Amino acid sequence: MTDAKSLGALQHAARALALIPLTARVAVLMRHAERDIIPKGQHGNEAPLTAQGEKDSAAMGDVLKERNIELFHSPARRCVQTANGIGGANHSPLGSKESMPLRCDAYVEDYESALPTLSRFISEHGFYDLFVTQLSTEAHNPPYPHFRPPLLASAELMAGLLPHGKGRTGIGVTHDWLVNVAAAHATGIVTERKHDAHFLGALFIWKDGDDIAYYHKGRTGQCPKDFQQLFVRALKNDHDP
């Protein structure tokens, strides 16, 4: 039986895709599938998917079967496994965009300099919630030393996933907090901790005429104008055709 939270994610993905024309260029930021428990205070980079997580990854690939997808992932084992599961079911190879920042490096100027803050993320009780809230609510100013402005970082992250060529969907498999932060800036809606991204939960972004549209957790609409401006600027900097 499919996990209830993952079933919700699969249903949301199907609803999002039903709204998005097959000819559209789409960027998707998705949390990995169900993983083993990570002991407190550990990075958990080697934590694998559960058997259910492997099944759900394949089910997500089936949901995406009508799409021409490009897959990217965080180097964490569970993200690699999720991307492989989606790609195997969808018959799509993994992308090779090695510089795709699908971990904390998307939001920092310099990883080594930001490391003290990132270490608190996993070791200090309660800091995770504060960290995600700060990144979600602060738009134009870096909330911590050696971090990037979160609104700009979120727009560039999503623009980096948008493939070249009509009818293509770029999917970045990552971690819950990156989905939460990017979604806050792409939608203008900050969700409470209890509403964080479930396994396989995703943010969908696509070009809708002259505007940039989103789908996230049943909500859909136009992205805020400041996000759209930074997103379009990032595409132009990437020599978007």
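Before going into details, it helps to say that this report is about the structure given with it. (Residues numbered from 1 in each chain as written. Predicted model: local features only at pLDDT ≥ 70, side-chain atom pairs only at ≥ 80, totals over all residues. Heavy atoms only, no water.)

## What about the environment of Pro48?
Now for step 1: Tracing the backbone shows Pro48 in the loop between strand 1 (26–31) and helix 2 (51–63).
Now for step 2: Remark: the alpha-carbon pair of Pro48 and Gln81, spanning 33 residues in sequence, is separated by 7.6 Å.
Now for step 3: Every residue in contact with Pro48, bar those within four places of it in the chain, is listed here: Arg35, Asp36, Arg77 and Gln81. (Helix = DSSP H or I, 4+ residues; strand = E, 2+ residues; numbered from the N terminus. Contact = heavy atoms within 4.5 Å.)

## Observations concerning the pattern of salt bridges
Now for step 1: With the rule as written, the count across this model stands at six salt bridges.
Now for step 2: The partner of Glu156 in a salt bridge is Arg148, with the nearest N and O atoms 2.4 Å apart.
Now for step 3: On the basis of relative accessible area, Arg148 is assigned to the buried category, the value being 16%.
Now for step 4: A salt bridge links Lys225 to Asp211, with the shortest nitrogen-to-oxygen separation between them at 3.2 Å. Linking Lys225 in helix 8 (residues 225–237) with Asp211 in strand 5 (residues 211–216), this pair joins segments that are 14 residues apart in sequence. (Salt bridge = Lys/Arg side-chain N within 4 Å of Asp/Glu carboxyl O. Buried < 20%, exposed > 50% of the residue type's maximum accessible area, 1.4 Å probe, protein only.)

## Overview of the side chain of His185
Now for step 1: Along the polypeptide, His185 turns up in helix 7 (residues 176–187).
Now for step 2: Assessed through its relative accessible area of 6%, His185 is described here as buried.
Now for step 3: For His185, the side chain forms a polar contact with the main-chain oxygen of Leu135, separated by 2.7 Å.
Now for step 4: With residues up to four places along the chain from it excluded, the contact list for His185 reads Leu135, Ser136, Glu138, Ala139, Pro150, Leu151, Ser154, Pro224 and Phe227. (Polar contact = N/O pair within 3.5 Å; in protein donor to acceptor, adjacent residues only side chain to side chain.)

## Here's the deal with unusual backbone geometry
Now for step 1: Positive phi values are uncommon outside glycine, yet His146 reaches one of about 70°.
Now for step 2: Among the secondary structure elements, His146 is positioned in the loop between helix 5 (127–137) and helix 6 (150–161).
Now for step 3: Of the residues examined, His146 reaches a relative accessible area of 42% and is grouped as partly exposed.
Now for step 4: Phi is positive for Leu200, which is not a glycine, with a value near 70°.
Now for step 5: Within the element layout of this structure, Leu200 appears in the loop between helix 7 and strand 4 (202–208).
Now for step 6: Residue classification places Leu200 among the buried positions, given a relative accessible area of 1%.

## Things to note about the packing of aromatic side chains
Now for step 1: In the structure shown here, the tally under the stated rule is twelve aromatic pairs.
Now for step 2: Ring centres of Phe131 and Tyr144 lie 5.8 Å apart, and the angle between their planes is 15°; on these two criteria the pair is classed as stacked. Here Tyr144 lies in the loop between helix 5 and helix 6 and Phe131 lies in helix 5, a separation of 13 residues in the sequence. Comparing Phe131 with Tyr144 shows no difference in burial state: the two are buried.
Now for step 3: Ring plane angle 25° and centroid distance 6.0 Å describe the contact between Phe227 and Phe231, whose orientation is recorded as stacked. One end of the pair is Phe227 and the other is Phe231, both in helix 8 and four residues apart, which spans about a single turn. Accessibility assignment for this pair places Phe227 and Phe231 in one class, buried.
Now for step 4: Taking the ring centre of Phe127 as reference, the NZ or CZ of Arg120 above it sits at 4.0 Å. (Phe/Tyr/Trp six-rings, centres within 6.5 Å; stacked < 30°, edge-to-face > 60°. Lys NZ or Arg CZ within 6 Å of the ring centre and 35° of its normal.)

## Some details on the pairing of strand 1
The side chains of a regular strand alternate, residue by residue, between the two faces of the sheet.
Now for step 1: Across the six residues that make up strand 1, a large majority, six, are buried.
Now for step 2: Burial of the side chains of strand 1 extends over both faces: Val26, Val28 and Met30 are buried on one face and Ala27, Leu29 and Arg31 on the other.
Now for step 3: Note that strand 1 and strand 3 (residues 168–174) share six bridges and pair parallel. Across the sheet, the residue bridging to Val28 is Ile171, located in strand 3.
Now for step 4: Looking at chain direction, strand 1 and strand 4 are connected through five bridges and run antiparallel. Bridge assignment links Val28 to a residue of strand 4, and that residue is Phe204. (Pairing = 2+ DSSP bridges.)

## Comments concerning the environment of Asp105
Now for step 1: Positionally, Asp105 belongs in the loop between helix 3 (77–90) and helix 4 (111–123).
Now for step 2: For Asp105, a relative accessible area of 35% corresponds to the partly exposed category.
Now for step 3: Note: C-alpha distance between Asp105 and Arg148 (43 residues apart in sequence) is 9.6 Å.

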